[in-house]
Amino acid sequence: MNLIFLGTGAAEGVPAMYCRCEYCTQVRKTGGKDLRTRSAFRIGDRYQIDINFDNNWQMHRCGIDMYAIEHILITHTHADHFQFEEIVAKEMSVSGQANGKLLNIYMSLPAKAWIENLLASLYTPKVYEKKLRILNERYRIHGLEYFREYHIGDLDVETLKGSHRLREGDEYAMNYLILFPDGTRLLYALDTGWYPEETWDFLEGKTVDVLILDCTFGGRTDRPEYPAGHLDLLSFVKMLERMIAINFISARTRIFATHINPHQGLLHEALQKKFDETRFNVTVAYDGLTL
Ligand SMILES: [Zn+2]
Ligand SMILES: [Zn+2]
Ligand SMILES: [Zn+2]
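Residues numbered from 1 in each chain as written. Chains lettered and ligands numbered in written order. Predicted model: local features only at pLDDT ≥ 70, side-chain atom pairs only at ≥ 80, totals over all residues. Heavy atoms only, no water.

### Here we look at the sheet that holds strand β2 (residues 40–43)
Within a beta sheet, neighbouring strands are joined by backbone hydrogen bonds and run either parallel or antiparallel to one another.
Okay, step 1: Taking strand neighbours across the sheet as the criterion, the six strands line up as β1-β2-β3-β4-β5-β6 in an open arrangement whose pairing is mixed. Only two strands of the sheet have a single neighbouring strand rather than two, namely β1 (3–7) and β6 (139–144). Direction aside, the axes of adjacent strands within the sheet are offset by 20° on average.
Okay, step 2: Strand direction decides the pairing type here: β2 and strand β3 (residues 47–49), joined by three bridges, are antiparallel. Residue pairing across strands places R42 opposite Q48, the latter belonging to β3.
Okay, step 3: Sheet strands in contact with helix α4 (residues 109–122) are β5 (103–108) and β6, and its direction is about 115° off that of β5.
Okay, step 4: Packing against the sheet, helix α5 (residues 125–138) makes contact with β5 and β6, and its axis sits at approximately 85° to β6. (Pairing = 2+ DSSP bridges. Helix = DSSP H or I, 4+ residues; strand = E, 2+ residues; numbered from the N terminus. Axes fitted to C-alpha atoms, helices over the stretch in contact; angles between N-to-C directions. Contact = heavy atoms within 4.5 Å.)

### Concerning the nonpolar core
Okay, step 1: Counting residues in hydrophobic clusters, the biggest one holds 32 residues, and the most contacted among them are L240 and F275.
Okay, step 2: Elements supplying a minimum of two residues to this core: β10 (185–189), α6 (197–203), β11 (210–214), α7 (233–245), β12 (254–258), α8 (268–276) and β13 (282–284).
Okay, step 3: The greatest single-element share of this core, amounting to six residues, is contributed by α7.
Okay, step 4: In this view, L240 contacts L211, L213, I249, I255, F280 and V282; residues no more than four positions away in its chain are not counted.
Okay, step 5: F5, L155, M174 and A285 belong to the second-largest nonpolar core, a separate cluster that totals 26 residues. (Core = buried A, V, L, I, M, F, W, Y, C linked by side-chain atoms within 4.5 Å. Buried < 20%, exposed > 50% of the residue type's maximum accessible area, 1.4 Å probe, protein only.)

### Overview of helix α1 (residues 22–30)
Okay, step 1: Of the positions making up α1, those classed as buried are Y23, C24 and V27. Angularly, the buried residues of α1 cover 95° about the axis, an arc narrow enough to put them on a single face. Relative to its buried face, α1 has exposed residues pointing more than 90 degrees away, namely E22 and K29.
Okay, step 2: Positive backbone phi, at 60°, marks G31, one or two positions downstream of α1. (Arc of directions from axis to C-beta.)

### A look at unusual backbone geometry
Okay, step 1: Of note, the amide linkage connecting V14 to P15 takes the cis form, showing an omega dihedral of -5°.
Okay, step 2: As for its position among the elements, P15 is in the loop between β1 and α1.
Okay, step 3: Residue D191 is bonded to the preceding L190 through a cis peptide linkage, with omega at -5°.
Okay, step 4: For D191, the position within the fold is in the loop between β10 and α6.
Okay, step 5: The backbone of F147 sits at a positive phi, close to 65°, despite the residue not being glycine.
Okay, step 6: Tracing the backbone through its elements, the reader meets F147 in the loop between β6 and β7 (149–152).
Okay, step 7: Even without being a glycine, H259 presents a positive backbone phi close to 60°.

Encoded structure:
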């Protein structure tokens, strides 16, 4: 199964479209690995984590499509991770060439409740009812609990609670610990800051082969030691120290930093160099990177 970083940018993408700071101007000029669309991740033909407004371009760039997608795991309902219109775009396949299969969408229970409220607020009750009927025929939104295990297609998926709270409510980003049929384990850990103790407890006794971790604020050094919401290089390394102490990661674990913000000082190469100075084997992800 091909694993593809479809996008590796934080909320605004890189460069930020309304910004002419030195960093964004530089990236506009030199492009390359510093050009980042909003974060999403592809697992083979049938699975994807998150779907955002850059989805169509990400498909073109990687030479893939959404045809065979059956399962989309949503980390949380911030706009850079979840765009409902990109999902229901399947209905626009008026050629009749969409695959005709049910499209399953997974998210935390609070995320599901938020979306249902949002949809209800957009339409009159009559139109809403009709929309829901169509939606339920062709899509299924599954509400997941934190710290549980689910079978999704051929994957075993455990749900972690990230330190990334939305709208001061009860939705926290869901991080997904995925077991593939070949025995490989992958943790997709964004968005998140320093994990809460209940999440650390959940990781006890578990291991991972591929770790993909939030590094939104890369080069910033003005943040708390154990930040909530997002990580930076310093707290990222602190997370790794604790993960290795509980044997969740080992020297064999492949580690990737992603969800990069343009206003943290370090371009791709400089951020990679900083990681190379640590004792961990970390690759700064970039759009299109395939594992
Ligand atoms: Zn995000
Ligand atoms: Zn900028
Ligand atoms: Zn977010």
